[in-house]
Number of protein chains: 2
Amino acid sequence: MGIELKNKAMEVAMKIKKLGQDDPRRIIHSIKVGVALTLVSLFYYWRPLYDGFGASGIWAVITVVVIFEFTVGATLSKGLNRSLGTMLAGALGVGVDYLATLSGQKGEPFVLGIFVFLIAASATFSRFFPGIKARYDYGVLIFILTFSMVSVSGYRVDEFLTMAHQRLATILAGGAICIIISIVVCPVWAGETLHNSIISNIDKLANFLEGFGGEYFHCSEDEQHDISTDKDKSFLQAYKVVLNSKSVEDSMANFARWEPRHGNFGFRHPWKHYLKIGSFARQCAYQIEALNAHLRPQLQEPSQFRRMMEVPCKTITSESAKALKALATSIKTMTDPSPSSQLHLTTAKTAINDLKNSLKSATTHMSEDISNLLAIIPDATVASILIDIVKSVEDLSEAVIELSLKAKFKSVSPEKPQLLHKGTIKPFVEDEDEQSESHVVITVRGIENNNEDLPVNKK
Amino acid sequence: MGIELKNKAMEVAMKIKKLGQDDPRRIIHSIKVGVALTLVSLFYYWRPLYDGFGASGIWAVITVVVIFEFTVGATLSKGLNRSLGTMLAGALGVGVDYLATLSGQKGEPFVLGIFVFLIAASATFSRFFPGIKARYDYGVLIFILTFSMVSVSGYRVDEFLTMAHQRLATILAGGAICIIISIVVCPVWAGETLHNSIISNIDKLANFLEGFGGEYFHCSEDEQHDISTDKDKSFLQAYKVVLNSKSVEDSMANFARWEPRHGNFGFRHPWKHYLKIGSFARQCAYQIEALNAHLRPQLQEPSQFRRMMEVPCKTITSESAKALKALATSIKTMTDPSPSSQLHLTTAKTAINDLKNSLKSATTHMSEDISNLLAIIPDATVASILIDIVKSVEDLSEAVIELSLKAKFKSVSPEKPQLLHKGTIKPFVEDEDEQSESHVVITVRGIENNNEDLPVNKK
């Protein structure tokens, strides 16, 4: 019994540790909330403040608990929604209260009741509008809440204005503490999170394509000893998270729009455009899902047809992977994506033509194999999906180029080499073991250092 | 200016009308919230109640605004979370307060501060656990809120217990009003919504497959006059909503687990299993997405190869569509899916064999066409994806059969015809124009009537 309990406790402890290790920002966030709450307790503990605000100090506590969210954008969105909703509803509530008093002692409850019903019902209905739901849902909730509270309690409490003033002041104070702590202490920006998740999604697609060629054609050389060694193939599954990325990306983009300038992202950074890139990435992931179905362990000798496809197909996958990695790097470093990604895309398209040419002349070379069309259909399907994937990567590339124009990415312009004499040159290679490609992006030290300061580069 | 304003107003009015027409439950929900709020206002207006509860009546108003959600499950989940969180935190808060007073006038704020920090931080961290996030997120929020309020204000207010008692009573009253109204007046069940959305998603997949055969092979017969007539092809796009259905289904399943028995759904209805069916439906949708890429208007004469594929491929799509529709109907009527869906799946699989056989013997029949492998690749890909789709439909069918066992669906057993002499028989055909299939499910009147009473049948 005691051992069981101990095991259980160990298990929970391991889970907590893993959760913290997966994203240390979670631990920091929890501490931030604790600090903010302890700070607003001062409204109660500290006599000078208590004398100023009175029992309304409790509203600062409520505000902190309710609006402090994980990302800055969400906190700002909730804070602004809460203040706006409170103020609008307060004003309206006072107005309605005044109207109700005009109708006399008897009529007052009825007038108030009718107003509460009408306003609550129509505000609730407005929450079904997609535009309002996405950005102002919480504000409308607070509006209904405050309006009912003000109009209902106004019926009893006459020192309404003093109370409203105190309450609003403490709410603003609580909100300000949240927003300041959330921005100043290790901020978690929704925009940056969206930015990084788009990058990592594109990388995951690239990793799949990079590994696919080897996996699909590998039986041809060394099937015996490699099938037993169960090496890590998680990169072939990682892309699956891209399939269901829509809802998270949507909400991040919504929060990001509330965020002030941070890092390399201006206030009007085209966050909405990330959603377009995200949807092209999903498109590509759907095709990869179709491709993945063809990655079954093949035990018999590969057909002549598959061997014929091997070289162009491997080029298509590896060049598409390189193009995707170049796009991811371009978003990461916020530099013009055109040069390197276009290069790889062109190579991939040339490989498609090679593939098509060998298919065109297939029968003359391999008359014995072709007699059975059925046998070549799986391989033909893979070839066809690969051709579609290059198209998807092209779409994605165009979307990234559009983003680079909208967000004014730095260009890796050909004029820059004139500066060479003034700085030191060093090849810019990230994760050397991952990138065995032949291209090297040359950047001048000054620009590179600048990049390293960006929070977007920290993972 | 005046006209512009009028146009704008008209536009908004149209939007409101459309929103209400799309789902009239939205209007009813808004009215329900209005009624609930007006009811709790009684706590304030009605003197006997006010004398009992005092200013705490405001907590009933807050509770109604905050926990009244669109579905019964969400309302119950929030209500239970709120009560549990409040009670736990209240008890803990009193305990901590007691501990703090032991440490003397000077030490009290520090002890309280430390406890607030520790408990708020660790509770905030617990919200990152996926299991807690999914089901108890709101409860933990309320726990932090109440705990801070109790421990902080306990420092000033001594009549704590009376207040806690009043507050809890009004919260429970407010919660009870919400839950009763939400269950009694036109309830929107999360479970039923999930059930219906799974059915309609499977139907959307079926509609695509049903239409695909005609679309893909149609140029062969009547390309001239049909390409110009832009007939409604929305059924070819409807499946796209299935691609991103995961997040909605997940949250509905979570809410459904809080719901009591309703309609045909028992308290322990296997809602989690719907998620499995949903994920197979998405799998199928991904393949359809790949298929959809091949639906380009083809202007040249179809190849001999495509004409050879036509009959078996059309059988595969139409039989898969029928199998899917049978599965959807089976979930809808909660009857055993095996007989009819298995029949169509078997026919589809036979068609796959036909297709394979004609491919095997392809070269002997069409020597002139085969010389260009490139030309047949798109068609071969379609054939291959169709074969994969049948596999997906089979997976889906197995998942539905599993559901039918877990949820104890009624069986359309072969013994039933013994009852024939006691009742009237009539063929059970829904939407006759849609279902031109050859199978007929025979049900005995008694059972059929029973089905018609189910809310699940109302769309």
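Residues numbered from 1 in each chain as written. Chains lettered and ligands numbered in written order. Predicted model: local features only at pLDDT ≥ 70, side-chain atom pairs only at ≥ 80, totals over all residues. Heavy atoms only, no water.

A few points about the interface of chain B and chain A
- Taken together, the 72 residues of chain B in the interface contact 73 residues of chain A.
- Counting the surface lost from both chain B and chain A, the interface buries some 6900 Å², and carbon and sulfur atoms represent 74% of this.
- Counting across the interface, chain B meets chain A through 0 salt bridges.
- At 13 residues, the largest contribution of residues to the side of chain B that touches chain A is made by helix α2 (residues 25-45) of chain B. (Contact = heavy atoms within 4.5 Å. Buried area = accessible area lost by both parts, 1.4 Å probe. Salt bridge = Lys/Arg side-chain N within 4 Å of Asp/Glu carboxyl O. Helix = DSSP H or I, 4+ residues; strand = E, 2+ residues; numbered from the N terminus.)

Looking at helix α18 (residues 373-406) of chain A
Residue and element names in this part refer to chain A.
- Between its first and last C-alpha atoms α18 spans 49 Å; for 34 residues at 1.5 Å apiece the expected length is 50 Å, and the two agree.
- Residue D379 marks the point of greatest curvature in α18, where the axis turns by about 30°.
- Downstream of α18 by a residue or two, K408 has a phi angle that is positive, lying close to 55°. (Expected span 1.5 Å × (residues − 1). Bend = angle between axes of the 7 residues up to and from the residue.)

Digging into the packing of helix α4 (residues 57-67) of chain A against helix α5 (residues 72-102) of chain A
Residue and element names in this part refer to chain A.
- Running from N to C, α4 and α5 point in directions that differ by 140°, and their axes come no closer than 9 Å. Comparing the axis directions of α4 and α5 gives the class oblique. Counting all contacts with α4, which are made through W59, I62, T63, V66 and I67, the residues of α5 involved are T75, K78, G79 and R82.
- Classifying every residue of the contact of α4 with α5 gives 4 nonpolar, 3 polar and 2 charged. (Axes fitted to C-alpha atoms, helices over the stretch in contact; angles between N-to-C directions. Parallel < 35°, antiparallel > 145°, perpendicular 65-115°, else oblique. Nonpolar A, V, L, I, M, F, W, Y, C, P; charged D, E, K, R; others polar.)

Comments concerning the nonpolar core
- Of all hydrophobic cores here, the largest spans 130 residues; its most connected members are L205, L291 and L324 of chain A together with L205, L291 and L324 of chain B.
- Among all residues touching L291 of chain A, those that are not within four sequence positions of it are F208, L209, F212, V382, I385, L386 and I389 of chain A. (Core = buried A, V, L, I, M, F, W, Y, C linked by side-chain atoms within 4.5 Å. Buried < 20%, exposed > 50% of the residue type's maximum accessible area, 1.4 Å probe, protein only.)

What about the relation of the copies chain B and chain A?
- The transform that puts chain B on chain A rotates by 180° and translates by 0.0 Å along the axis, for an RMSD of 0.1 Å. The relationship between the two copies is best expressed as a two-fold rotation axis. Distance from the rotation axis, computed per C-alpha, reaches its smallest value in chain B at T381 of chain B: 2.2 Å.
- Counting the interface residues of chain B, we find that 100% of their copies in chain A are interface residues as well, pointing to one common contact surface. (Least-squares fit on C-alpha atoms with pLDDT ≥ 70 in both.)

Observations regarding the side chain of S384 of chain B
- As for its placement among the helices and strands, S384 of chain B is situated in helix α18 (residues 373-406).
- Beyond its immediate stretch of four places on either side in the chain, S384 of chain B contacts H294, I377 and T381 of chain A.

Examining the packing of aromatic side chains
- In this structure the tally under the stated criterion is 23 aromatic pairs over all chains.
- Summarising the aromatic geometry, the rings of F125 of chain A and F128 of chain A are spaced 6.2 Å apart at their centres and angled 65° between planes, so their arrangement reads as edge-to-face.
- Ring geometry for F128 of chain A against F70 of chain B: centres 5.2 Å apart, planes inclined by 70°, an arrangement best described as edge-to-face. Of this pair, F128 of chain A sits in the loop between α6 (104-126) and α7 (130-154) while F70 of chain B sits in the loop between α4 (57-67) and α5 (72-102), which puts the two residues in different chains. (Phe/Tyr/Trp six-rings, centres within 6.5 Å; stacked < 30°, edge-to-face > 60°.)

Focus: the packing of helix α15 (residues 338-360) of chain A against α18 of chain A
Residues and elements named next belong to chain A.
- Close contact between α15 and α18 brings their axes to 11 Å; oriented N to C, the two are set at 160°. When the axes of α15 and α18 are compared, the pair comes out roughly antiparallel. Handedness of the crossing formed by α15 with α18: left-handed. Mapping the contact onto sequence places S338, S341, Q342, L345, A348, K349, I352, L355 and K356 in α15 and A383, I387, V390, V393, E394, S397 and I401 in α18. (Left-handed = near helix turned anticlockwise from the far one by under 90°.)

Quick look at the pattern of salt bridges
Residues and elements named next belong to chain A.
- In this structure the tally under the stated criterion is 30 salt bridges over all chains.
- Here D137 makes a salt bridge to K133, at a shortest N to O gap of 4.0 Å. Of the two residues, D137 and K133 are both situated in helix α7; the distance of 4 residues between them amounts to about one turn of the helix.
- For K133, a relative accessible area of 49% gives the class partly exposed.

As for the confidence of the model for chain A
Residues and elements named next belong to chain A.
- For chain A, the mean per-residue pLDDT works out to 79, and 79% of the residues sit at or above 70.
- Contacts of residues 220-230 to residues separated by more than four positions or lying in other chains number 8 contacts, the stretch itself having pLDDT below 50.
- Residue range residues 415-459 is modelled with pLDDT below 50. Its contacts to residues more than four positions away, or to other chains, number 42 contacts. (pLDDT = per-residue confidence, 0-100.)

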